[in-house]
2 protein chains.
Amino acid sequence: MTIETVETHKAHGGVQGVYRHRSAATGGTMTFAVFMPPQAAAGPVPVVTYLSGLTCTHANVMDKGEYRKAAAALGLAVVCPDTSPRGEGVANDDAYDLGQGAGFYVDATEAPWAPHFNMWTYVTAELPALVAAQFAVDPARQGITGHSMGGHGALTVALRHPGRYRSVSAFAPIVAPMQVPWGQKAFPAYLGADPARWRGHDAVALIEDGARLPEILVDQGTADSFLDGQLKPDLLQAACDKAGIALTLRLQDGYDHSYHFISSFMADHLAWHAARLKG
Amino acid sequence: MTIETVETHKAHGGVQGVYRHRSAATGGTMTFAVFMPPQAAAGPVPVVTYLSGLTCTHANVMDKGEYRKAAAALGLAVVCPDTSPRGEGVANDDAYDLGQGAGFYVDATEAPWAPHFNMWTYVTAELPALVAAQFAVDPARQGITGHSMGGHGALTVALRHPGRYRSVSAFAPIVAPMQVPWGQKAFPAYLGADPARWRGHDAVALIEDGARLPEILVDQGTADSFLDGQLKPDLLQAACDKAGIALTLRLQDGYDHSYHFISSFMADHLAWHAARLKG
């Protein structure tokens, strides 16, 4: 496993880097960002993975997420993957919510997506192993978060790896993709027509089917234009209530779906993760 | 004076907006960003103007500057203008350091720049009046800062308006444009061949010619690739020492010229401004 350093910058006492590598999971070159806090000079630090939303690359949250100051203060590494395979020879769609930039954190089984769109394997296996091998992080102390489609990714990845992630949060996540237009478009395209094959990638369905986490933090803006049609946090609340999962769902008055919302609550989320990862 | 709202987002309890207006100074449409902190709901707040560097628009610092959290906590408005006139009919140059994106905060007297490149008048007169008329800011409590070319702008604007700006700082400023390649290219193009006409736009020359400020804060990264060739903070230090200006020049180990440097010290700068503006 080798990685190429695209750029590094000292930031808030740590190092923000962008890296590139040849991915076996996606069959192409993937780019990701890692922030290493100053505490990493003294030994492995806890690591939080941030999964991004539709249309994003690793760069959106790196530029606009405002995570470095809090991560440096808390001693957290932050890993930011891309949202899909990209490039020539990789299938795509003209729509913003399918294809490149819209991997939905699944391993596609259907044409034309199956050869490259294996973001589930990428974010749950290949990238964590690469990061653990190349950076001073402690794989025993991992947290995961994400925004929108990436919030869906964070919840489903954590629900299916209950021993691995000690802390889980999300910003305006898609909590029940099977029940909303984004998922109802992407899941048949990537996973085929049988809804039974979608349940492993739907947080609410996973909870209904028995998956458990001790606790989850979710922030959701009340002025988010996707709130009623695509996000539906009440469905997650109902599933968690029934399953005994301690969901902290905070409705943030007047915030929209943008990085202005994410950055406003990023420090809160990282503090939440740090409290659970540093024990 | 009317402005058009391009977008607004709730952020860190305040409002980040982008606005557009017809500018008399530049003879075209100008875009700028304003962050209003939550304290503005209770009455006018102090205002800090941030002038950006070469190639930037209002958006670079808005996206990457990480100023909102500190500004919201301190109760400061932050105004971020563009760096030049833009658009069809506005002169330009293929180089990144002349023309659109490189206004150098002067009023051009030379062809082809003179009709639109009047950023001095724009940032010292037109925009402050517009902001004072349209936003809940207190013009008696103004500070100014900037990066690189914008640091040059902040220093020269403040030196020539000693009663107006109660606080002045800069990130990696061009302190003596007459003595470095960027200025030696831009000043003849915009202001003509006579160096006597450049001195009013050179911080070191202004101080040599008698301009005074009580104090200035400057941060400069030691890994900045422009440090030796274009920035030369030692020239500002020498001029301030001779003139009795209290310059706090901090050499920040390992930081480069990017927004990773700016964002790392933004909260420090805003706290510096707030301490001088809130009295």
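Residues numbered from 1 in each chain as written. Chains lettered and ligands numbered in written order. Predicted model: local features only at pLDDT ≥ 70, side-chain atom pairs only at ≥ 80, totals over all residues. Heavy atoms only, no water.

Engineer: Is there a simple way to explain the relation of the copies chain B and chain A in this structure?
Structural biologist: In summary, the two copies of the chain are related to each other by a rotation about an axis coupled with a shift along it. Superposition of chain B onto chain A requires a rotation of 180 degrees combined with a translation of 0.0 Å along the rotation axis, giving an RMSD of 0.0 Å. In symmetry terms, the pair is related by a two-fold rotation axis. Of all interface residues in chain B, 100% are interface residues in chain A too; the two copies therefore contact each other through one and the same surface. (Least-squares fit on C-alpha atoms with pLDDT ≥ 70 in both. Contact = heavy atoms within 4.5 Å.)

Engineer: Sorry, what's going on with the sheet that holds strand E5 (residues 77-81) of chain A here?
Structural biologist: Backbone hydrogen bonds hold the strands of a sheet together, and the pairing may be parallel or antiparallel. All names here are of chain A. One open sheet accounts for 9 strands, arranged E1-E2-E3-E5-E4-E6-E7-E8-E9; its pairing is mixed. Both edges of this open sheet fall to strand E1 (4-11) and strand E9 (246-252), since each of them pairs with a single strand only. Here the strands of the sheet are splayed against their neighbours by 20 degrees on average, with no regard to which way each runs. In the packing of helix H8 (residues 233-243) onto the sheet, the strands contacted are strand E8 (215-221) and E9, and the crossing angle to E9 comes to about 155 degrees. (Pairing = 2+ DSSP bridges. Helix = DSSP H or I, 4+ residues; strand = E, 2+ residues; numbered from the N terminus. Axes fitted to C-alpha atoms, helices over the stretch in contact; angles between N-to-C directions.)

Engineer: Could you clarify how one ought to interpret the UniProt feature "active site" (unreviewed entry) in chain A in this entry?
Structural biologist: All names here are of chain A. UniProt tags Ser148, Asp224 and His257 as "active site" (unreviewed entry). A compact arrangement is adopted by the annotated residues: their sequence extent is 110 residues, whereas the largest C-alpha distance between any two is 10.8 Å. Among the structural elements, Ser148 can be located in the loop between strand E6 (137-146) and helix H4 (149-159). Of the residues examined, Ser148 reaches a relative accessible area of 3% and is grouped as buried. Contact partners of Ser148, with chain neighbours within four places excluded, come to Phe171, Ala172, Pro173, Ile174, Trp182, Leu231 and His257. The residue Asp224 is located in the loop between E8 and helix H7 (227-231) in this model. Setting aside chain neighbours within four positions, we find Asp224 in contact with Ala172, Leu231, Tyr255, Asp256 and His257. A polar contact of 3.1 Å, which involves the side chain of Asp224, links it to the side chain of Gln220. (UniProt positions renumbered as here; feature names shortened; annotations may be inferred. Buried < 20%, exposed > 50% of the residue type's maximum accessible area, 1.4 Å probe, protein only. Polar contact = N/O pair within 3.5 Å; in protein donor to acceptor, adjacent residues only side chain to side chain.)

Engineer: Whenever I open this one, the interface of chain B and chain A confuses me. Can you help?
Structural biologist: When the parts of a complex come together, some accessible area is lost, and that lost area is often taken as the interface size. Across the contact, 22 residues belong to chain B and 22 residues belong to chain A. Buried area between chain B and chain A, both sides added, is near 1,900 Å², and the carbon and sulfur share of it is 45%. If you sort the residues of chain B by the area they bury against chain A, Lys10, Glu66 and His260 of chain B come out on top, with a joint share of 35%. Seen at the junction of chain B and chain A, the total is 2 salt bridges. Here Arg68 of chain B makes a salt bridge to Glu66 of chain A, at a shortest N to O gap of 3.2 Å. The tally of links from chain B across to chain A stands at 14 residue pairs in polar contact (both at pLDDT 80 or more). For the side of chain B that touches chain A, the secondary structure elements donating two or more residues are strand E1 (4-11), helix H1 (58-64), helix H2 (68-74) and helix H9 (259-277) of chain B. Here the residues of the side of chain B that touches chain A are counted per class, giving 4 nonpolar, 10 polar and 8 charged. (Buried area = accessible area lost by both parts, 1.4 Å probe. Salt bridge = Lys/Arg side-chain N within 4 Å of Asp/Glu carboxyl O. Nonpolar A, V, L, I, M, F, W, Y, C, P; charged D, E, K, R; others polar.)

Engineer: I'm lost on the packing of aromatic side chains in this one. Help?
Structural biologist: The geometry of an aromatic ring pair is captured by two quantities: the separation of the ring centres and the angle between the planes. All names here are of chain A. All told, the structure shown has 28 aromatic pairs over all chains when counted by the stated rule. Aromatic side chains Trp113 and Tyr190 sit 5.5 Å apart centroid to centroid with 85 degrees between the ring planes, which places their arrangement in the edge-to-face category. One end of the pair, Trp113, is in the loop between E5 and helix H3 (119-134); the other, Tyr190, is in helix H5 (residues 181-191), with 77 residues separating them in the sequence. An identical accessibility class is assigned to Trp113 and Tyr190; each is buried. Feature note: the residues Tyr50, Phe171, Tyr255, Phe261 and Phe265 constitute an aromatic cluster, connected by ring pairs. Above the plane of the ring of Trp272 lies Arg276, whose end atom (NZ or CZ) is 3.6 Å from the centre. (Phe/Tyr/Trp six-rings, centres within 6.5 Å; stacked < 30°, edge-to-face > 60°. Lys NZ or Arg CZ within 6 Å of the ring centre and 35° of its normal.)

Engineer: How should the environment of Ser148 of chain A be read in this particular structure?
Structural biologist: Along the sequence, Ser148 of chain A and Ala172 of chain A sit 24 residues apart, while their C-alpha atoms lie 5.1 Å from each other. Among the polar contacts made by the side chain of Ser148 of chain A, one reaches the side chain of His257 of chain A at a distance of 2.9 Å.

Engineer: When you look at the side chain of Arg68 of chain B in this model, what are you seeing that I'm missing?
Structural biologist: Tracing the backbone through its elements, the reader meets Arg68 of chain B in helix H2. Classification of Arg68 of chain B by relative accessible area gives buried; the value is 2%. Polar side-chain contacts of Arg68 of chain B include one of 3.0 Å to the side chain of Gln16 of chain B. Aside from chain neighbours lying at most four places away, what touches Arg68 of chain B is Glu66 and His260 of chain A together with Ala11, His12, Gln16, Phe35 and Met62 of chain B.

Engineer: It is not clear to me how the confidence of the model for chain A should be interpreted in this structure. Could you clarify?
Structural biologist: Any region with low pLDDT has predicted coordinates that should not be read closely. When pLDDT is averaged along chain A, the result is 97, and 100% of the positions lie at 70 or above. Here the predicted complex scores 0.97 on pTM and 0.95 on ipTM. (pLDDT = per-residue confidence, 0-100.)

Engineer: Help me understand the pattern of salt bridges, please; the structure alone is not making it clear to me.
Structural biologist: Proximity of charged atoms lets side chains of opposite charge pair with each other. Residue and element names in this part refer to chain A. Going through the model one piece at a time under the given rule, you end up with 22 salt bridges over all chains. Measuring nitrogen to oxygen at the nearest pair gives 2.7 Å for the salt bridge that ties Arg250 to Asp219. Of this pair, Arg250 sits in strand E9 while Asp219 is found in strand E8, placing the two residues 31 residues apart along the sequence. According to the relative accessible area criterion, Arg250 is partly exposed, its value standing at 25%. What you see here is one network of salt bridges that share partners, running through Arg199, Glu208 and Asp209.

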